Protein chains: 2
Amino acid sequence: MSSKVVGILGGGQLGRMFAAAASLLNVKTVILDVGDDAPAKQVLNSPHINGSFKDPSFIQQLAEKVDVLTVEIEHVDVDALRKLRESHPQVEIHPSPETIGIIQDKYRQKLHLQVHLGGANAPLGLFQQIDVTPDDIKRVAAELGLPLMLKRRTLAYDGRGNYVLRSSEPRDITAAIQFLCPNGGGKGELYAEKWVPFIKELAVMVVRGRDGNVASYPAVETVHKDSICHLVWAPFRTANVEQDPFIRANVQRIAQEAIKSFTGAGVFGVELFLLASGEILINEIAPRPHNSGHYTIEACESSQFDNHLRAILGLPLGSTKIKVGAAGMLNILGSNRLIQPQPSKVSFSSDPLIDKLTHVALSTPGATPHLYGKAQSRKGRKMGHITVVGVSDAEVGERMAGLLSALADFEHPTTDSESSSALSSYRPHLHGQSHPHPLISIIMGSDSDLPTMLPAAQILQKHFPSVPFEVTLVSAHRTPLRLVAFAKGAAERGVKVIIAGAGGAAHLPGMVASMTALPVVGVPIDSKSVAGGGGGLSGVDAMWSILQMPRGIPVAAVAINNSTNAALLAVRILSAGNPELVREMEVYQKGLGEEVDRKIGVLGDIGWGNYGKSKI
Amino acid sequence: MSSKVVGILGGGQLGRMFAAAASLLNVKTVILDVGDDAPAKQVLNSPHINGSFKDPSFIQQLAEKVDVLTVEIEHVDVDALRKLRESHPQVEIHPSPETIGIIQDKYRQKLHLQVHLGGANAPLGLFQQIDVTPDDIKRVAAELGLPLMLKRRTLAYDGRGNYVLRSSEPRDITAAIQFLCPNGGGKGELYAEKWVPFIKELAVMVVRGRDGNVASYPAVETVHKDSICHLVWAPFRTANVEQDPFIRANVQRIAQEAIKSFTGAGVFGVELFLLASGEILINEIAPRPHNSGHYTIEACESSQFDNHLRAILGLPLGSTKIKVGAAGMLNILGSNRLIQPQPSKVSFSSDPLIDKLTHVALSTPGATPHLYGKAQSRKGRKMGHITVVGVSDAEVGERMAGLLSALADFEHPTTDSESSSALSSYRPHLHGQSHPHPLISIIMGSDSDLPTMLPAAQILQKHFPSVPFEVTLVSAHRTPLRLVAFAKGAAERGVKVIIAGAGGAAHLPGMVASMTALPVVGVPIDSKSVAGGGGGLSGVDAMWSILQMPRGIPVAAVAINNSTNAALLAVRILSAGNPELVREMEVYQKGLGEEVDRKIGVLGDIGWGNYGKSKI
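Residues numbered from 1 in each chain as written. Chains lettered and ligands numbered in written order. Predicted model: local features only at pLDDT ≥ 70, side-chain atom pairs only at ≥ 80, totals over all residues. Heavy atoms only, no water.

A. Local environment of the overall build of chain A. Looking only at helices and strands, one finds 21 helices and 23 strands in chain A. Every one of the 616 residues in chain A was classed for burial, and the buried ones make up 61%. Long-range pairs, those at least 24 residues apart, make up 62% of the contacts in chain A with a sequence separation of at least 6. On chain A, roughly 23500 Å² of surface is accessible, and the fraction owed to carbon and sulfur atoms is 54%. Between the averaged position of the 59 positive side-chain charges in chain A and that of its 58 negative side-chain charges there is a distance of 2 Å. (Helix = DSSP H or I, 4+ residues; strand = E, 2+ residues; numbered from the N terminus. Buried < 20%, exposed > 50% of the residue type's maximum accessible area, 1.4 Å probe, protein only. Contact = heavy atoms within 4.5 Å. Areas by Shrake-Rupley, 256 points an atom, 1.4 Å probe, with all protein chains shown as cover. Lys, Arg positive; Asp, Glu negative; His and termini not counted. Charge placed at Lys NZ, Arg CZ, Asp CG, Glu CD.)

What follows is the structure, encoded as structure tokens:
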């Protein structure tokens, strides 16, 4: 048993996963929450405290038993924690009551970030405090524009306490006030945010040590549904050639800077908006492990819960590196239906949606369901989640697709749903189409090169259907800026190998190689074979251009016009990250041998004299 | 809560890890073991049974509470389980009492395997039942040879109940009898095994569904110390060019066949011996999750505990795929020292060895310590384990090295230890030496090619010290069988990219590519530059041989003599499995640009007229 005991305010799913991480290190954890069967209490056989974590007397009782105190929820009594520091100076509180106090009031949180992250230049949308009066709201709506986001300063989460005001009509404003402040409301209750026209929501989990050092997990993309976290894709990838390739690094840097500005140790969830311009704005911060970081349990070298424990105990922070190719997470929310479980089969819940998703997850390779053990399922309640890992975004997407289909079937048995639109970019590879999450990018300078490059796409589609690829045009001489954007952004889009076909001066492969760290395979194209091509050099011109790269910038050259071999080489390259492909390539090679065996048979059967004449 | 409740006989570390896996699915587990604080009971807040799992009345009591019953230890009362099947027909028992009965008696286990795995051809060493008399032991020693392995048929594990008889001297035989049967002994108590001169110990975890289908995790190498599992390396890799590249597949096949022969569901641990000849013999089977499979918690798509739960509940089996590049596991055994923990720091145990190893693990990226929560540490007792994951065997080895050093320091502060010998093959890359666990293999036909190929090794060592590589000779024309062995075995040794340099006819890269599925980079060598080389073709001869490979078998050609670019291409290829290398390559490329910037400065400063004259 560790010499330190940790107390947690709150015994929900975050406490449950935290307690499981603490159990690995045999660190004793005491939970303060109402009841004996809270999710976190189920996974610990120790004397917990049955009481509200909002009640100062119970917090005092908890402090008697522990060395370090932390929270799984920010809506706690900060004054009680501050007083605790006087009455129990030996108990450390992480993160600090001051940090929790700032963060639990979203307006103070924004002010704090504004002060610490560069004032007017801070990565924040415009925001303003408001009085809860129709006049003041109308004034702010005129100032910040419509739609206007009205938010409660405290006790708001999962979209509760938020209201989107779409007009300044008095009855709309009245409706907003009634929704947000059903009992009236005073000056300090609400604030307003200028509407942010984001294209994506991102999140970064940051861990802050007691020494103030921070480390962050990769930025992830989050998808919300009805303002509740629905899906997480990790790591975040830029989606197209034009998108700024440095978004992920910028997001991580902004999130780390934000968390450095607070005091106390622990894991923080930073939610951000990505705008079409590439601008990044901080949305909100949570002073605790966060739903968008659950994937770290299966996908990272140390989980967010492990790191929260390490941070608050003053232990070395764990590696935040992602250890798999890609990961996804789907929240399991309760439905409004209940069934009687059949005793004959294994049932995981009396909520048929939870049971269904769990069973589908158990049939999905790489999927790990987590059920939180909450006694009652309710519509929209977070009842569990499913993490999916895989070698690539494409594999994770395909594995997730079955889960999302099951969800869509349940919610809208006959029509398209939000889920299927969330899924659309993760559909299995359509015949003859570029995959939205390619590992191989096949590029060429002109559509006139396509006939020479097509065999690359064809052999991938036929023999290696699990390998996602794209085919597009990038011309070194006619679209030089697209060349730069393509090369600089390829790795951030998740591409692992680039195949570039080029004839004549054949600059494309070498120029791409000079601006990416990915392996580039060059296919020398005989321009004669290309409509309108020059030539007479049989592709030897392009061959020398592609082959004789200067020391420092390698290109992998294949035989002239042999785009088939370029594709096969790319698959071999991918096997460095997916040993499964070694087996698949061995099967392909065995097939080549068998084809020769067949011809040996024919040659023996009909004789060499007849071989060329018969149709073989 | 799941509709099914699982009961476990035994509440040790296996039960603890199983219970944690069950908690993820919210499956209720009831533990039968003595005391209220057994390791498994600590991670479950449910009414357990305080009693011996060997006591039939407690087993009956457990059966009243559960739907499925399983074991974390095979030394249970099989008759009691059989009777349970009559008294509680609704309770399923997995694996079946018959299977447990066969396996818990090692002699019956061997007989069973012999019958089901091909009789005299079964992958088993010779074994015989013996009477516990000096005469009979002498007779068997004469028959099977010395040294002779004497084993208790039942209740033996971790080397307990085993005795190595090294001579047929009466006093040695008497000592053996006294050790194994201190209270005398009858006919059924012992059996003998012919000594197996193994070169490695391997293990495979196999999961058997209720339908009899099996799936297996990758074969792993196990290292024992004092007959107790010390280290696990996953996956098992063949160690040198000459070793049969199909060992891993054969081992998995043999293990699966063995487990198919039993009845009932669950995870089984199969321990095997690898002989110098490549022959594989089954050593022992455990009818439960096994120490050699703990690494699966962090390293595989579903853990052995998750799969045990799935199997016994009749759910779909989980993916057994390894999701990281490589993994290792170190057992934490108790020492014979105790200290008073210092209240000022976080201490994990009053056993200083456990505390030390845990702290070192917390400072090691990719390491996850598991402490089992056993009340008392004793010398040799399994108190916990540490799993280490990484992108490659080399990275796992380096991460493990710090743990093994700490262990060696503790055990033998001043001298070399067993641990450091276990560690020797995982030392960091020595300057100028091949790494024992290479990701890149640099080969050439002759040592006369070495001056041309050396820059490849040098740039790797200088700019990419984390990338392990080897340099060796493989001649297509002078060592054609070594060529075959090298190419066929490279992937199984863990190599991810091959760089092959060749001049003249330059068959090496293409022939290697035809017998491996790995990417092969070919460096055309100008034979003129090689001592005694022919030439006059400036390497163009070799270039065409390497470049113009037939459709189906790709080689990645780089510029003539440019082995530097071959190495840089290999690093880019490895980034498909290790995104970290993208960052490292970007740094290298930035350096190339900065070098040009410097020269631009000099050219501006001293003018073009003086540039060639001054020393730059």
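Here the narrative resumes.
B. View of the sheet that holds strand β9 (residues 190–194) of chain A. All names here are of chain A. Read across the sheet, 4 strands follow the order β6-β9-β7-β8 without closing on themselves; strand pairing throughout is antiparallel. With partners counted over all chains shown, the strands left at the sheet margins are β6 (127–130) and β8 (162–165), one partner each. Taken pair by pair, the neighbouring strands of this sheet meet at an average axis angle of 25°, ignoring direction. Where β6 meets β9, 4 bridges bridge the pair, whose relative direction is antiparallel. Residue Q128 lies in a different strand from β9, and its bridge partner there is A192. Packing against the sheet, helix α7 (residues 134–144) makes contact with β6, β7 (148–152), β8 and β9, and its axis sits at approximately 170° to β6. Each of β7, β8 and β9 touches helix α8 (residues 170–180); the most contacted strand, β8, lies at about 175° to it. (Pairing = 2+ DSSP bridges. Axes fitted to C-alpha atoms, helices over the stretch in contact; angles between N-to-C directions.)

C. Examining the packing of aromatic side chains more closely. Inspection of the entire model under this criterion finds 12 aromatic pairs over all chains. When the ring of F198 of chain A is compared with that of F273 of chain A, the centres are 4.7 Å apart and the planes differ by 10°; the resulting orientation is stacked. Of this pair, F198 of chain A sits in strand β10 (residues 198–208) while F273 of chain A sits in strand β14 (residues 266–275), placing them 75 residues apart in sequence. Accessibility expressed as a relative area gives 10% for F273 of chain A, which makes it buried. Centroid distance Y163 of chain B to F179 of chain B: 5.5 Å. Interplanar angle 50°. Geometry classified as tilted. In this pair, Y163 of chain B sits in strand β8 (residues 162–165) while F179 of chain B sits in helix α8 (residues 170–180), placing the two residues 16 residues apart along the sequence. For Y163 of chain B, a relative accessible area of 23% gives the class partly exposed. On the basis of relative accessibility, which here comes to 48%, the residue F179 of chain B falls in the partly exposed class. (Phe/Tyr/Trp six-rings, centres within 6.5 Å; stacked < 30°, edge-to-face > 60°.)

D. Representation of the UniProt feature "domain: ATP-grasp" (unreviewed entry) in chain A within the structure. This chain's UniProt record puts "domain: ATP-grasp" (unreviewed entry) on residues 114–313 of chain A. Taken end to end, residues 114–313 of chain A is 26% helix and 31% strand, and its two terminal C-alpha atoms sit 30 Å from one another. (UniProt positions renumbered as here; feature names shortened; annotations may be inferred.)

E. The interface of chain B and chain A, seen in detail. Between chain B and chain A, the contact holds 98 residues from the first and 98 residues from the second. Roughly 7700 Å² is buried in total at the junction of chain B and chain A, and carbon and sulfur atoms are behind 55% of that figure. The tally of links from chain B across to chain A stands at 4 salt bridges. Note that R399 of chain A is salt-bridged to E301 of chain B, the shortest N-O span being 2.9 Å. Taken together, chain B and chain A are joined by 45 residue pairs in polar contact (both at pLDDT 80 or more). The element best represented in the side of chain B that touches chain A is helix α20 (residues 580–606) of chain B, accounting for 8 residues. Split by residue class, the side of chain B that touches chain A holds 51 nonpolar, 28 polar and 19 charged. (Buried area = accessible area lost by both parts, 1.4 Å probe. Salt bridge = Lys/Arg side-chain N within 4 Å of Asp/Glu carboxyl O. Polar contact = N/O pair within 3.5 Å; in protein donor to acceptor, adjacent residues only side chain to side chain. Nonpolar A, V, L, I, M, F, W, Y, C, P; charged D, E, K, R; others polar.)

F. Expanded view of the side chain of H290 of chain B. All names here are of chain B. One can find H290 in the loop between β15 (280–286) and α10 (296–299). A relative accessible area of 10% places H290 in the buried class. A polar contact is formed between the side chain of H290 and the side chain of S292, at a distance of 2.8 Å. Leave out the neighbours within four places in its chain, and H290 touches M205, G269, E271 and Q304.

G. Representation of unusual backbone geometry within the structure. P235 of chain A follows A234 of chain A through a cis peptide bond whose omega is -10°. Position of P235 of chain A relative to the elements: it lies in the loop between β13 (228–234) and α9 (247–260). Positive phi is not limited to glycine here, since D226 of chain B has a value of about 50°. Position of D226 of chain B among the secondary structure elements: in the loop between β12 (220–225) and β13 (228–234).

H. Region of the structure containing the pairing of β14 of chain A. Residue and element names in this part refer to chain A. The buried count for β14 comes to 10 of 10 residues, which makes it a mostly enclosed element. In the sheet, β10 pairs with β14 via 10 bridges, with the strands oriented antiparallel. Along β14, the bridge assignment pairs K200 with L274. The sheet contact formed by β14 and strand β15 (residues 280–286) spans 6 bridges and is antiparallel. Along β15, the bridge assignment pairs G269 with A286. Between β14 and β15, which follow one another and run antiparallel, lie 4 residues, and G278 among them has a positive phi close to 95°.

I. Summary view of the relation of the copies chain B and chain A. The two copies are related by a screw operation: chain B maps onto chain A through 180° of rotation and 0.0 Å of translation along the axis, at an RMSD of 0.0 Å. Classification of the inter-copy transformation places it as that of a two-fold axis. Looking at the rotation axis and the C-alpha trace of chain B, the residue lying nearest is G577 of chain B, at 1.7 Å. The overlap is high: 100% of the interface residues of chain B also sit at the interface in chain A, so the same surface is used on both sides. (Least-squares fit on C-alpha atoms with pLDDT ≥ 70 in both.)

J. Examining the nonpolar core more closely. The biggest cluster of nonpolar side chains holds 124 residues, and the ones touching the most others in it are I442 and I499 of chain A together with I442 and I499 of chain B. With residues up to four places along the chain from it excluded, the contact list for I442 of chain B reads M453, A456, A457, L460, F469, E470, V471, T472 and I499 of chain B. (Core = buried A, V, L, I, M, F, W, Y, C linked by side-chain atoms within 4.5 Å.)

K. Molecular detail of helix α19 (residues 563–574) of chain A. All names here are of chain A. For α19, spanning 12 residues, the distance from its first C-alpha to its last is 17 Å, which sits close to the expected 16 Å at 1.5 Å a residue. In terms of residue burial, α19 counts as a mostly covered element, since 12 of its 12 residues are buried. Turning to α19, its buried residues are S563, T564, N565, A566, A567, L568, L569, A570, V571, R572, I573 and L574. (Expected span 1.5 Å × (residues − 1).)

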